[in-house]
Amino acid sequence: MRTPLVAGNWKMNGSREANRALVSALKGSLGDIQGVDVAVCPPAVYLAEIATDLSGSVIALGAQDCSDQEKGAYTGELSGPMLAEVGCRYVIVGHSERRERQNESSAWVAAKFVAAQSAGLIPILCVGEQKVDRESGRTENVVAEQLDAVLDAAGVEAFERAVIAYEPVWAIGTGLTATPEQAQEVHAFIRNRVASRDPRVAADLRILYGGSMKAENAAGLLALDDIDGGLIGGASLDAAAFTAIANAAGERVVA
Ligand code: 13P
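Let me begin by describing the structure that accompanies this report. (Residues numbered from 1 in each chain as written. Predicted model: local features only at pLDDT ≥ 70, side-chain atom pairs only at ≥ 80, totals over all residues. Heavy atoms only, no water.)

1. A few points about helix α1 (residues 16–30)
Note: α-helices contain 3.6 residues per turn, so residues at a spacing of three or four share the same orientation. Rules: Strands here mean DSSP runs of E at least two residues long; helices mean DSSP runs of H or I at least four residues long; both are numbered from the N terminus. Every helix has an expected span of 1.5 Å times one less than the residues it contains. By definition in these notes, contact holds between two residues if any of their heavy atoms fall within 4.5 Å.
In this model, α1 (15 residues) spans 21 Å end to end at C-alpha, consistent with the 21 Å of a helix rising 1.5 Å per residue. Contacts made by the buried residues of α1 are with β2 (37–41), α2 (47–54), β3 (59–63) and α11 (239–250).

Next comes the structure, spelled out in C-alpha coordinates:
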(Lines give C-alpha, C1' and ligand atoms only; values in the text may rest on other atoms or scores of the structure.)
Protein backbone atom coordinates (compact mmCIF):
# COMPACT_ATOMS: atom_id res chain seq x y z
CA MET A 1 0.00 0.00 0.00
CA ARG A 2 1.28 3.46 -0.86
CA THR A 3 0.35 6.21 1.58
CA PRO A 4 0.32 9.47 -0.38
CA LEU A 5 2.77 12.20 0.56
CA VAL A 6 2.11 15.90 0.16
CA ALA A 7 5.25 17.98 0.70
CA GLY A 8 5.57 21.75 0.58
CA ASN A 9 8.74 23.13 -0.94
CA TRP A 10 8.86 26.67 0.39
CA LYS A 11 11.94 27.43 -1.76
CA MET A 12 13.56 30.77 -0.73
CA ASN A 13 10.45 32.21 0.85
CA GLY A 14 9.44 33.06 4.39
CA SER A 15 10.55 34.94 7.45
CA ARG A 16 10.36 34.12 11.14
CA GLU A 17 7.04 35.91 11.40
CA ALA A 18 5.53 34.44 8.21
CA ASN A 19 6.74 30.94 9.11
CA ARG A 20 5.19 31.09 12.56
CA ALA A 21 1.85 32.09 11.07
CA LEU A 22 1.98 29.40 8.36
CA VAL A 23 3.05 26.61 10.73
CA SER A 24 0.43 27.57 13.25
CA ALA A 25 -2.31 27.59 10.58
CA LEU A 26 -1.16 24.23 9.22
CA LYS A 27 -1.07 22.65 12.66
CA GLY A 28 -4.66 23.75 13.10
CA SER A 29 -5.94 22.68 9.70
CA LEU A 30 -3.98 19.42 9.35
CA GLY A 31 -4.03 18.43 13.01
CA ASP A 32 -5.78 15.10 12.71
CA ILE A 33 -5.45 14.40 8.97
CA GLN A 34 -5.38 10.71 8.09
CA GLY A 35 -4.36 8.58 5.13
CA VAL A 36 -1.68 11.00 3.92
CA ASP A 37 1.81 11.93 5.05
CA VAL A 38 2.49 15.67 5.10
CA ALA A 39 5.81 17.51 5.18
CA VAL A 40 7.11 21.06 4.85
CA CYS A 41 10.57 21.95 3.50
CA PRO A 42 11.48 25.47 4.66
CA PRO A 43 14.74 27.29 3.96
CA ALA A 44 17.54 25.62 5.93
CA VAL A 45 18.19 28.56 8.22
CA TYR A 46 14.74 28.11 9.77
CA LEU A 47 14.73 24.30 10.09
CA ALA A 48 15.70 24.05 13.75
CA GLU A 49 13.10 26.49 15.01
CA ILE A 50 10.37 25.05 12.81
CA ALA A 51 11.27 21.59 14.12
CA THR A 52 10.44 22.89 17.60
CA ASP A 53 7.20 24.49 16.39
CA LEU A 54 6.17 21.21 14.70
CA SER A 55 6.98 18.91 17.58
CA GLY A 56 4.02 16.72 18.44
CA SER A 57 2.26 17.48 15.14
CA VAL A 58 1.63 15.16 12.20
CA ILE A 59 3.65 17.45 9.91
CA ALA A 60 7.15 16.20 9.14
CA LEU A 61 10.13 18.38 8.30
CA GLY A 62 12.29 18.27 5.19
CA ALA A 63 15.25 20.21 3.81
CA GLN A 64 15.59 21.49 0.25
CA ASP A 65 19.10 20.20 -0.47
CA CYS A 66 22.05 18.51 1.21
CA SER A 67 25.74 18.05 0.56
CA ASP A 68 27.11 14.88 -0.98
CA GLN A 69 29.80 15.01 1.74
CA GLU A 70 29.45 14.08 5.40
CA LYS A 71 31.66 16.82 6.88
CA GLY A 72 34.73 18.90 6.23
CA ALA A 73 35.93 21.87 4.24
CA TYR A 74 32.79 22.54 2.18
CA THR A 75 31.98 26.19 2.83
CA GLY A 76 28.30 26.97 2.80
CA GLU A 77 27.13 23.36 2.59
CA LEU A 78 24.96 21.39 5.00
CA SER A 79 25.42 17.69 5.57
CA GLY A 80 22.80 14.97 5.90
CA PRO A 81 23.75 14.27 9.54
CA MET A 82 23.27 17.98 10.38
CA LEU A 83 19.83 18.02 8.78
CA ALA A 84 18.86 14.82 10.56
CA GLU A 85 20.12 16.18 13.88
CA VAL A 86 17.86 19.25 13.71
CA GLY A 87 14.81 17.12 13.00
CA CYS A 88 14.52 16.55 9.25
CA ARG A 89 12.92 13.37 7.97
CA TYR A 90 13.07 14.22 4.25
CA VAL A 91 15.43 16.08 1.95
CA ILE A 92 14.77 17.20 -1.62
CA VAL A 93 17.64 16.35 -3.99
CA GLY A 94 18.03 17.29 -7.64
CA HIS A 95 15.41 20.02 -7.82
CA SER A 96 15.47 21.49 -11.32
CA GLU A 97 16.19 24.96 -9.95
CA ARG A 98 19.45 23.59 -8.52
CA ARG A 99 20.23 21.43 -11.55
CA GLU A 100 20.00 24.68 -13.56
CA ARG A 101 21.39 27.39 -11.28
CA GLN A 102 24.02 25.32 -9.43
CA ASN A 103 24.76 23.12 -12.43
CA GLU A 104 24.02 19.96 -10.49
CA SER A 105 24.69 16.95 -12.70
CA SER A 106 22.79 13.69 -12.37
CA ALA A 107 25.92 12.05 -10.91
CA TRP A 108 26.17 14.77 -8.27
CA VAL A 109 22.48 14.42 -7.44
CA ALA A 110 23.00 10.66 -7.09
CA ALA A 111 25.85 11.28 -4.61
CA LYS A 112 23.58 13.59 -2.60
CA PHE A 113 20.86 10.92 -2.60
CA VAL A 114 23.32 8.33 -1.23
CA ALA A 115 24.66 10.77 1.39
CA ALA A 116 21.13 11.66 2.51
CA GLN A 117 20.20 8.01 3.00
CA SER A 118 23.43 7.33 4.90
CA ALA A 119 22.27 9.98 7.36
CA GLY A 120 18.88 8.26 7.72
CA LEU A 121 17.01 10.87 5.67
CA ILE A 122 14.41 10.02 3.03
CA PRO A 123 15.46 11.66 -0.24
CA ILE A 124 12.80 13.18 -2.48
CA LEU A 125 14.50 12.81 -5.85
CA CYS A 126 13.28 15.34 -8.42
CA VAL A 127 13.30 14.49 -12.11
CA GLY A 128 11.72 16.23 -15.05
CA GLU A 129 12.16 17.53 -18.54
CA GLN A 130 12.52 21.06 -19.92
CA LYS A 131 9.98 22.44 -22.38
CA VAL A 132 12.38 21.91 -25.26
CA ASP A 133 12.80 18.23 -24.30
CA ARG A 134 9.04 17.68 -24.32
CA GLU A 135 8.62 19.48 -27.62
CA SER A 136 11.32 17.37 -29.22
CA GLY A 137 9.89 14.11 -27.87
CA ARG A 138 12.78 13.57 -25.45
CA THR A 139 10.87 13.56 -22.14
CA GLU A 140 11.48 9.87 -21.44
CA ASN A 141 15.17 10.07 -22.39
CA VAL A 142 15.76 12.94 -19.97
CA VAL A 143 13.83 11.36 -17.11
CA ALA A 144 15.53 8.00 -17.70
CA GLU A 145 19.00 9.58 -17.56
CA GLN A 146 18.21 11.38 -14.30
CA LEU A 147 16.67 8.26 -12.75
CA ASP A 148 19.25 5.74 -13.96
CA ALA A 149 22.10 7.78 -12.49
CA VAL A 150 20.59 7.24 -9.04
CA LEU A 151 19.53 3.63 -9.64
CA ASP A 152 23.08 2.82 -10.73
CA ALA A 153 24.76 4.65 -7.84
CA ALA A 154 22.43 3.65 -5.02
CA GLY A 155 20.89 0.37 -6.22
CA VAL A 156 17.19 -0.24 -6.68
CA GLU A 157 16.72 -1.35 -3.04
CA ALA A 158 17.56 2.20 -1.97
CA PHE A 159 14.20 3.23 -3.42
CA GLU A 160 12.49 1.37 -0.57
CA ARG A 161 13.50 4.43 1.50
CA ALA A 162 13.06 7.18 -1.06
CA VAL A 163 10.44 9.18 -2.90
CA ILE A 164 10.52 10.42 -6.50
CA ALA A 165 8.96 13.70 -7.62
CA TYR A 166 8.21 14.14 -11.30
CA GLU A 167 8.40 17.87 -11.93
CA PRO A 168 8.16 18.95 -15.56
CA VAL A 169 10.31 22.09 -15.57
CA TRP A 170 7.91 23.94 -17.88
CA ALA A 171 5.14 23.52 -15.29
CA ILE A 172 7.07 24.87 -12.29
CA GLY A 173 5.90 28.27 -11.12
CA THR A 174 4.36 28.96 -14.52
CA GLY A 175 0.73 28.22 -13.80
CA LEU A 176 0.93 25.62 -16.56
CA THR A 177 0.19 22.17 -15.20
CA ALA A 178 0.78 18.89 -16.94
CA THR A 179 -2.58 17.42 -17.83
CA PRO A 180 -3.45 14.39 -15.72
CA GLU A 181 -2.80 12.24 -18.82
CA GLN A 182 0.65 13.76 -19.45
CA ALA A 183 1.61 13.33 -15.81
CA GLN A 184 0.28 9.77 -15.53
CA GLU A 185 2.20 8.77 -18.65
CA VAL A 186 5.53 9.86 -17.18
CA HIS A 187 4.73 8.49 -13.72
CA ALA A 188 3.97 5.10 -15.27
CA PHE A 189 7.21 5.32 -17.26
CA ILE A 190 9.16 5.98 -14.03
CA ARG A 191 7.47 3.12 -12.18
CA ASN A 192 8.07 0.72 -15.07
CA ARG A 193 11.71 1.71 -15.25
CA VAL A 194 12.17 0.94 -11.55
CA ALA A 195 10.11 -2.25 -11.98
CA SER A 196 12.49 -3.47 -14.66
CA ARG A 197 15.07 -3.70 -11.84
CA ASP A 198 12.70 -4.78 -9.03
CA PRO A 199 8.91 -4.94 -9.41
CA ARG A 200 8.31 -5.13 -5.67
CA VAL A 201 10.27 -1.93 -4.98
CA ALA A 202 8.44 -0.19 -7.84
CA ALA A 203 5.02 -1.23 -6.53
CA ASP A 204 5.68 0.42 -3.15
CA LEU A 205 7.48 3.51 -4.47
CA ARG A 206 5.78 6.87 -3.99
CA ILE A 207 5.96 9.06 -7.09
CA LEU A 208 4.80 12.64 -6.49
CA TYR A 209 3.77 15.19 -9.08
CA GLY A 210 5.12 18.76 -8.88
CA GLY A 211 4.49 21.77 -11.08
CA SER A 212 1.73 24.31 -10.41
CA MET A 213 -0.27 21.82 -8.36
CA LYS A 214 -3.08 23.73 -6.68
CA ALA A 215 -6.26 23.11 -4.75
CA GLU A 216 -8.19 23.35 -8.03
CA ASN A 217 -6.25 20.72 -10.01
CA ALA A 218 -4.99 18.42 -7.23
CA ALA A 219 -7.90 15.98 -7.16
CA GLY A 220 -7.70 15.32 -10.91
CA LEU A 221 -3.99 14.54 -10.72
CA LEU A 222 -4.18 12.55 -7.51
CA ALA A 223 -6.93 10.33 -8.90
CA LEU A 224 -4.48 8.70 -11.30
CA ASP A 225 -2.99 5.29 -10.62
CA ASP A 226 0.67 6.25 -10.44
CA ILE A 227 0.41 9.69 -8.79
CA ASP A 228 1.02 9.25 -5.08
CA GLY A 229 1.01 12.82 -3.84
CA GLY A 230 2.50 16.18 -4.65
CA LEU A 231 5.56 18.34 -4.21
CA ILE A 232 4.01 21.77 -3.92
CA GLY A 233 5.79 25.08 -4.43
CA GLY A 234 3.74 28.29 -4.53
CA ALA A 235 0.54 26.79 -3.12
CA SER A 236 2.42 25.43 -0.09
CA LEU A 237 2.85 29.01 1.19
CA ASP A 238 -0.92 29.34 1.53
CA ALA A 239 -2.23 27.27 4.44
CA ALA A 240 -5.72 26.88 2.97
CA ALA A 241 -4.46 25.78 -0.45
CA PHE A 242 -1.89 23.36 0.98
CA THR A 243 -4.49 21.89 3.32
CA ALA A 244 -6.95 21.41 0.47
CA ILE A 245 -4.29 19.51 -1.53
CA ALA A 246 -3.41 17.35 1.48
CA ASN A 247 -7.09 16.60 2.03
CA ALA A 248 -7.52 15.64 -1.63
CA ALA A 249 -4.56 13.24 -1.31
CA GLY A 250 -5.85 11.81 1.95
CA GLU A 251 -9.03 10.68 0.29
CA ARG A 252 -7.07 8.38 -1.96
CA VAL A 253 -5.29 5.33 -0.56
CA VAL A 254 -3.85 2.93 -3.13
CA ALA A 255 -4.25 -0.71 -2.18
P1 13P B 1 5.15 25.30 -8.09
O2 13P B 1 4.11 24.49 -7.34
O3 13P B 1 5.28 26.70 -7.57
O4 13P B 1 4.97 25.21 -9.56
O5 13P B 1 6.56 24.61 -7.76
C6 13P B 1 6.70 23.25 -7.92
C7 13P B 1 8.02 22.85 -7.38
O8 13P B 1 9.05 23.18 -7.93
C9 13P B 1 8.06 22.07 -6.14
O10 13P B 1 9.33 21.60 -5.86
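What follows continues from the structure just given.
2. A word on helix α10 (residues 215–222)
Here is the rule we go by: For every residue, the accessible area obtained with a 1.4 Å probe (protein chains only) is divided by the maximum for its type, and the residue is called buried under 20%, exposed over 50%, and partly exposed between those limits. The arc refers to the directions leading from the helix axis to the C-beta atoms.
Ala218, Leu221 and Leu222 are the residues of α10 that are buried. Relative to the axis of α10, the buried residues are bounded by an arc of 85° and lie together on one face. Tucked inside the fold, the buried residues of α10 contact α8 (180–195), β7 (206–209), β8 (229–232) and α11.

3. What about the pairing of strand β6 (residues 163–166)?
Put simply, the rule reads: Strands pair, by our definition, only if DSSP identifies at least two bridges between them.
By the alternation rule, side chains of β6 split into Val163 and Ala165 and Ile164 and Tyr166, which are all buried. Bridge count between strand β5 (residues 122–127) and β6: 4 bridges; the pairing is parallel. Each residue of the ladder has a partner; that of Cys126, found in β6, is Ala165. Note that β6 and β7 share 4 bridges and pair parallel. Within β7, the position partnered with Val163 by the bridge is Arg206.

4. Points about the site of the ligand
To be explicit about the condition: One heavy atom suffices: a residue is near a molecule or strand as soon as one of its heavy atoms comes within 4 Å of it. Two N or O atoms count as a polar contact when they lie within 3.5 Å, although within protein this holds only if one can serve as hydrogen donor and the other as acceptor, and sequence-adjacent residues are included solely when both atoms are side-chain atoms. For accessible areas, the Shrake-Rupley method is used with a probe of radius 1.4 Å. Any residue's cover is judged against the shown protein chains and nothing else. In this analysis the probe radius is 1.4 Å and the grid spacing 1 Å, with only protein atoms considered; a cavity is a set of points the probe fits into but cannot get out of, a pocket is an open set with protein on both sides within 12 Å along at least five of seven lines, and lining residues have an atom within 4 Å of a point. For this analysis, a molecule is said to be in a pocket or cavity if more than half of its atoms are within 2 Å of the grid points defining it. Under the scheme applied, nonpolar residues are Ala, Val, Leu, Ile, Met, Phe, Trp, Tyr, Cys and Pro; charged residues are Asp, Glu, Lys and Arg; polar residues are all the others, including Gly.
Close to the ligand lie Asn9, Lys11, His95, Glu167, Ala171, Ile172, Gly173, Gly211, Ser212, Leu231, Gly233 and Gly234. With respect to the ligand, the backbone of Ser212 contributes an N or O atom lying 2.7 Å from an oxygen atom. Within the backbone of Gly233, a nitrogen or oxygen atom sits 2.9 Å from an oxygen atom of the ligand. In the complex, the protein chains occlude 95% of the 310 Å² of accessible area that the ligand would expose alone. Judged by its atoms lying within 2 Å of the grid points, the ligand is housed in the second largest pocket. Its residues assigned to classes, the shell around the ligand shows 3 nonpolar, 7 polar and 2 charged.

5. Quick word on the pairing of strand β1 (residues 5–9)
How we decide: Look down the strands so they point away from you; if going from the first strand over the helix to the second traces a clockwise path, that crossover is right-handed.
The element β1 is largely enclosed, with a buried count of 5 among its 5 residues. Here β1 pairs with β2 via 5 bridges, running parallel. Within β2, the position partnered with Asn9 by the bridge is Cys41. Taken together, β1, α1 and β2 constitute a β-α-β crossover, and its handedness is right-handed.

6. Notes on the environment of Pro168
Counting through the fold element by element, Pro168 comes out in the loop between β6 and α8. Along the primary structure Pro168 and Thr139 are separated by 29 residues, whereas in three dimensions their C-alpha atoms are 8.9 Å apart. Pro168 has contacts with Glu129, Ala178, Tyr209 and Gly210, leaving out every residue within four places of it along the chain.

7. Some details on unusual backbone geometry
Even without a glycine there, the phi angle at Asn103 is positive, about 55°. Inspection of the secondary structure puts Asn103 in the loop between α4 (96–101) and α5 (106–118).

8. Structural notes on the side chain of Ser79
Residue position: Ser79 is located in the loop between β3 and α3 (80–85). There is a polar contact of 3.4 Å between the side chain of Ser79 and the backbone oxygen of Glu70. Setting aside residues up to four positions removed in sequence, Ser79 forms contacts with Ser67, Gln69 and Glu70.

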